[in-house]
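As a plain string of letters, each chain reads:
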Amino acid sequence: KAGVTQTPRYLIKTRGQQVTLSCSPISGHRSVSWYQQTPGQGLQFLFEYFSETQRNKGNFPGRFSGRQFSNSRSEMNVSTLELGDSALYLCASSRSGGEETQYFGPGTRLLVL
Amino acid sequence: KNEVEQSPQNLTAQEGEFITINCSYSVGISALHWLQQHPGGGIVSLFMLSSGKKKHGRLIATINIQEKHSSLHITASHPRDSAVYICAVFPNLYSGGGADGLTFGKGTHLIIQP
């Protein structure tokens with residue numbers, strides 16, 4: 001069974017631009033969660049999608065948004081990029097979400113200049 | 001606010017040593033996860049615990065719900081165990097845990113020297 005895939009793997013943007021990251025979950029998994037990892041803050045929860053609905057949201061500004069498609073693939077968008085948005089963005093999938101074991105993708109490393 | 005504290009932050013040990021990493025949290029939880037992250041970023045889920053103890057190979061994880069504490073043990077440590085180990089908790093909404101998804105500790109950087 002193929003694992004969680006994320007595209008692109010690396011991205012360089014400039015301040016003020018927007019970016020869209022993509023995540024394809026493991027087949028049969030309907031929950032996709034997104035996380036941001038930075039050296040200063042560590043791993044932080046962004047949001048969770050289940051069956052095309054945002055079920056849970058972390059404490060991030062509205063510039064961070066996401067969506068999920070009917071095939072469970074998910075995208076996250078960051079608008080008006082700031083230098084502090086430079087981070088590793090990870091997605092993880094699970095069958096039903098919530099507390100169950102999540103399977104992580106390799107991440108997208110975003111650098112904002 | 002849910003806080004997750006890990007100790008130690010950094011640990012260097014010799015091959016073969018018994019390793020213990022600790023995790024404490026502040027609110028009621030539904031589950032606790034131990035994750036392993038290798039250089040380059042890939043994260044692997046090692047254990048999910050809601051009570052008691054689990055063992056997988058040389059890894060053992062325990063949790064004490066009353067004391068809000070969990071430990072990850074590595075027996076007969078090996079250089080390939082060198083990684084960052086991260087504790088994460090999923091809050092219990094009915095115990096005042098909030099609804100913020102997984103909350104993570106800062107991680108323990110483990111280096112096993114041959």
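Our subject is the structure that appears above.
Reading the values: the criteria
- Residues numbered from 1 in each chain as written.
- Chains lettered and ligands numbered in written order.
- Predicted model: local features only at pLDDT ≥ 70, side-chain atom pairs only at ≥ 80, totals over all residues.
- Heavy atoms only, no water.
- Phe/Tyr/Trp six-rings, centres within 6.5 Å; stacked < 30°, edge-to-face > 60°.
- Helix = DSSP H or I, 4+ residues; strand = E, 2+ residues; numbered from the N terminus.
- Buried < 20%, exposed > 50% of the residue type's maximum accessible area, 1.4 Å probe, protein only.
- Disulfide = S-S within 2.5 Å.

(A) Expanded view of the packing of aromatic side chains. In the structure shown here, the tally under the stated rule is five aromatic pairs over all chains. Their ring planes at 90° and their centres at 5.2 Å tell us that Tyr35(A) and Phe104(B) sit as a pair that is edge-to-face. Here the residue Tyr35(A) occupies a position in strand 4 (residues 31-38), and Phe104(B) occupies one in strand 10 (residues 103-104), the pair thus bridging two chains. The two residues Tyr35(A) and Phe104(B) agree in class, both being buried. Feature note: the residues Tyr35(A), Phe45(A), Phe104(A) and Phe104(B) constitute an aromatic cluster, connected by ring pairs.

(B) The arrangement of the environment of His109(B) in detail. Along the chain, the position of His109(B) falls in strand 11 (residues 108-113). A sequence separation of 102 residues divides His109(B) from Ser7(B), and the C-alpha atoms of the two residues are 9.9 Å apart.

(C) Just the state of the cysteines, in detail. A complete count under the given rule lists two disulfides over all chains for this structure. Disulfide pairing is shown between Cys23(A) and Cys91(A); the S-S distance is 1.9 Å. Handedness of the Cys23(A)-Cys91(A) disulfide follows from its S-S torsion of about 75°: it is right-handed. Taken together, the residues span a long stretch of sequence, with Cys23(A) in strand 3 (residues 19-24) and Cys91(A) in strand 9 (residues 87-94) at a distance of 68 residues. For the pair shown, Cys23(A) and Cys91(A) are each scored as buried. The side chain of Cys23(B) participates in a disulfide bridge whose partner is Cys87(B); the two sulfur atoms lie 2.0 Å from each other. The sign of the -60° torsion about the S-S bond sets the Cys23(B)-Cys87(B) disulfide as left-handed. In this pair, Cys23(B) is assigned in strand 3 (residues 19-25) and Cys87(B) in strand 9 (residues 83-91), connecting sequence segments 64 residues apart. In this structure, Cys23(B) and Cys87(B) share a single accessibility class: buried.

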